[in-house]
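Residues per chain are reported as follows:
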Amino acid sequence: MPPSGPEHQRFTGTNTIGAVWEAPADYRGPPRGQNGMSDDDKFEGIYSEALRFHTRGRPGKLEIVPTKPVATQADLSLAYSPGVAAPCLAIADDANTAYDFTNRGNTVAVISNGTAVLGLGNLGALASKPVMEGKAVLFKRFSDVDGIDIEVSTEDVDEFVNCVRFLGASFGGINLEDIKAPECFIIEQRLRELMDIPIFHDDQHGTAIIAAAGFINALDLTERKIEETTLVVNGAGAASIACVELLKSMGLPHNNVTLCDSKGVIYQGREEGMNQWKSAHAIETDARTLADALKGADVFFGLSVKGAVDQDMVASMAHNPIIFAMANPDPEITPEEVAAVRGDAIMATGRSDYPNQVNNVLGFPYIFRGALDVRASTINDDMKIAAAEALAELARQDVPDEVAAAYKGERPQYGPNYVIPVPFDPRLITQVPPAVAQAAMDTGVARRPIIDMETYRHELQARLDPTSGSLQLIFDRVQADPKRVVFAEGEEEKIIRAALSYRAAGYGTPILVGREHRIKETMETMGLTGIEELEIANAKVSPHLQLYTDHLYERMQRRGLLYRDCVRYVNQDRNVFAALMVANGHADAMVTGLTRSYQVAYDDIRRVIDPVPGRRVFGLSIMVSRGRTVFIADTTVHDQPTSVELADIAMQSADMARRLGHEPRVALLSYSNFGYKATGHAERVRDAVALMDSRDQDFEYDGEMSPDVALNPEIMALYPFSRLSGPANVLVMPTLHAASIASKLFEEMGGGTVIGPLLIGLDKPAQIVQMGTNVSDIVNIAALAAYEA
């Protein structure tokens, strides 16, 4: 970890708020090979970038935003005194109305004492806070549940239980996290007895549910019956015990499960290293080692340590063995090692770079979503099994296009390499919560049954914006098919960091345009090493200088450039040089713009790269705020677009929106509404709509209209003839200055996240970032450029 003393702290910025951590000169990087940290050199870049990520802007990852207007005294008098007395009295009269008048029904407490933080061990309550904040982010991102992190500074079970038990009135559920065994078993059981809301230790049950889903499908593929299947589990911690208990509740016989720990098989009569939770699963057996237990076994579950299983053990297993090696960050045995000795195995791991990832994010957001929506008093085994079965069923269904895009164009199909869905499958929100809710109703723990399940599914679908999931699937596809991306401003500190992050994320090979000695000096100043692992391109020493010059001259000789002008551009203009690398196949895509104005960078690129035939080049900004996405065009290229250009931009923007999971509703904007003021600007927009009418469109569009009509359903209702069935999600602006002002106002006012502007319509992938863009956004834009390749 970075040195902790005050003399080692280095921040940028003028004050503590919004300061960004930077590595001091004597910083030697993260700890290696200890406390679960990776020995991989690329981890250093991720580690440093994570520190900057957490300090950028407002520290941490969460804030509280009011859901009701609070701008006026009248608003405040309703939100607080005296108006707030009304819901208080209603709740005092009927406690169930707390779900109607407060956020209790959508809020989960994420609670830890920090005794088992990730793979890092006992770091204490305070050091667990970044993880708990992150867990709350996942709740919001995947199921629209509001998570509130609570860190309890005690390792005493009684103190912990006594603290949490009195918090029940504030929350609809409790997610326990990163609490070491065996205390976690005691804490969860006691809280379940004391409280009337769901208590769920995700480290136990989350892993168990996802593993059970894969187990169900693996049994199906290998034509096994659960009552005849034998299972060996290595590791006897919280997750292992939970896996065993859940599978037994599903029908796996007690004597068919052999549990092992670091001392060997847990058998009846063993005394060393035992406790009541291990003893409950002891069986009569002659096996004493993991190797003994695995002979002839059908299934192996590993929740232990890297290298616990060898190839001889795998070879000794039954026909079509099922091997879930779930140790993190490295499995008990890798899929490559298994494949070398068994061609008939079905494998799962905890890692995203192998098929069948056992990832808890497939479970806890959706389980709590279903439990909260029926106001469940607990999460019982039937609800856990329902979640597992829903996940298993999802893997058997046909995969949608947006998920298939992450698999190099090869659509995953139910089989040995696809028994567990991927975490960003957009169908999870409509598949798992209804199953959990139904199980709660069937077992009598639901206090508000759902009457119309189909309507409930539609409500769930509306909770989440598809943009984030679609973007992640795009990034997954880039990881599956890495690309070479050239960064034109390779000597800049932010670009170097972005290049390292791009490589560390597995997106491909970054190429820095610049002078090697300058890049090396900048990296040394930043406290970074590994320049030998970066590819550097410099016109001065490039073997392609003649090729690039001839290429540019052939394009520009009738556009006012002499040959010597082309020589100068290739040697001195990094944007032109980078674009020529892409045009000649020496890189797949390029990114620039950090140090030059957008127009300058755009003009440089257009000297080399043409538009796609029949397409317009324009800028598309994507704005994401509170679960809603709006696309704005053209934010970069056309100053005063003609009606033809507006129509083309609208059509291409709709296509991009659809690619990101949205059904486009396009509004062509103006200051007037449907002919109210017939001036030149409005007429261009109206003509564009008429032109689109003459073309065959498969999406909703209308105009001209003002932004409030386009976005506000109540105002839109004043125009019942409008073709839009709901608020627009694609806004085509009448001029460049209108689009640019609107997008930048949104970004600077903090209304949400702005992605882009993305440069749409070029024949070769090239993207231009805004001056001052942060490292994370540069990496995202680079990944999107790689995707276009």
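Look up a bit, the structure's there.
Residues numbered from 1 in each chain as written. Predicted model: local features only at pLDDT ≥ 70, side-chain atom pairs only at ≥ 80, totals over all residues. Heavy atoms only, no water.

Asks: Quick question: what am I supposed to make of the packing of helix H20 (residues 493-504) against helix H31 (residues 775-788) here?
Replies: The angle between the axes and the distance between the axes are what describe a pair of packed helices. Where H20 contacts H31, the two axes come as close as 9 Å, and the packing angle between them is 55°. Comparing their axes, H31 and H20 come out oblique. In the packing of H20 onto H31, the handedness of the crossing is right-handed. Listed contacts from H31 to Lys-494, Ile-495, Arg-497, Ala-498, Ser-501 and Tyr-502 of H20 are Val-775, Ile-778, Val-779, Ala-782, Ala-783 and Ala-786. Of the residues belonging to the contact of H20 with H31, the class tally is nine nonpolar, one polar and two charged. (Axes fitted to C-alpha atoms, helices over the stretch in contact; angles between N-to-C directions. Helix = DSSP H or I, 4+ residues; strand = E, 2+ residues; numbered from the N terminus. Parallel < 35°, antiparallel > 145°, perpendicular 65-115°, else oblique. Left-handed = near helix turned anticlockwise from the far one by under 90°. Contact = heavy atoms within 4.5 Å. Nonpolar A, V, L, I, M, F, W, Y, C, P; charged D, E, K, R; others polar.)

Asks: Would you explain the pattern of salt bridges in this entry?
Replies: When charged atoms on two side chains of opposite charge get close, those side chains can pair. By the definition in use, this model includes 40 salt bridges. Of the charged contacts in the structure, one is a salt bridge between Arg-375 and Asp-100, with a shortest N-O distance of 3.1 Å. Of this pair, Arg-375 sits in the loop between helix H14 (364-373) and helix H15 (381-396) while Asp-100 sits in helix H4 (residues 98-101), and the two are 275 residues apart along the sequence. Each member of the salt-bridge network shares a partner with another, and the members are Lys-129, Glu-133, Asp-149 and Glu-151. (Salt bridge = Lys/Arg side-chain N within 4 Å of Asp/Glu carboxyl O.)

Asks: Explain the nonpolar core to me, please; I cannot follow it from the model alone.
Replies: Counting 102 residues, the largest nonpolar core has Ile-111, Ile-174, Leu-176, Ile-209, Phe-301 and Met-383 as its most contacted members. With 10 residues, helix H8 (residues 202-221) is the single largest residue contributor to this core. Once residues lying within four places of it in the same chain are set aside, the contact partners of Phe-301 are Ala-211, Phe-215, Leu-231, Val-232, Val-233, Asn-234, Cys-243, Leu-247, Phe-324 and Met-326. Counting residues in each nonpolar core, the second largest holds 61 residues, with Val-624, Leu-668, Leu-784 and Ala-786 among its members. (Core = buried A, V, L, I, M, F, W, Y, C linked by side-chain atoms within 4.5 Å. Buried < 20%, exposed > 50% of the residue type's maximum accessible area, 1.4 Å probe, protein only.)

Asks: I'm lost on the sheet that holds strand S17 (residues 618-625) in this one. Help?
Replies: Where strands meet in a sheet, backbone hydrogen bonds hold them as pairs that are either parallel or antiparallel. The strand order across the open sheet formed by six strands is S20-S19-S21-S18-S17-S22, and the pairing between neighbours is mixed. Each edge of the sheet is formed by a strand with only one pairing partner; in this case those strands are strand S20 (700-705) and strand S22 (753-760). Pairwise comparison of adjacent strand axes, ignoring direction, gives a mean angle of 20° for this sheet. Where S17 meets strand S18 (residues 628-633), six bridges bridge the pair, whose relative direction is antiparallel. In the strand pairing of S18, Ser-621 is matched with Ile-632. Where helix H30 (residues 736-748) meets the sheet, it contacts S17, S18 and S22, and its direction lies at approximately 30° from that of S17. (Pairing = 2+ DSSP bridges.)

Asks: In this structure, what is going on with the packing of aromatic side chains? I would like to understand it.
Replies: Given two aromatic rings, one states the distance between the centres and the angle between the planes to describe the pair. Scanning all chains against the criterion turns up 15 aromatic pairs. Arranged with centres 5.5 Å apart and planes meeting at 75°, the rings of Phe-139 and Phe-368 form a pair that is edge-to-face. In this pair, Phe-139 sits in helix H5 (residues 129-143) while Phe-368 sits in helix H14, placing the two residues 229 residues apart along the sequence. Take Phe-139 and Phe-368: they sit in the same class, and that class is buried. Put simply, the rings of Phe-139, Phe-200, Phe-364 and Phe-368 touch in pairs and so form one group of aromatic residues. The ring centre of Phe-364 lies 3.7 Å from the NZ or CZ of Lys-135, which sits over that ring. Geometry around Tyr-267 places Arg-288 over its ring, the cationic atom sitting 3.6 Å from the centre. (Phe/Tyr/Trp six-rings, centres within 6.5 Å; stacked < 30°, edge-to-face > 60°. Lys NZ or Arg CZ within 6 Å of the ring centre and 35° of its normal.)

Spatial relationships are all this shows, so hold off on functional conclusions.
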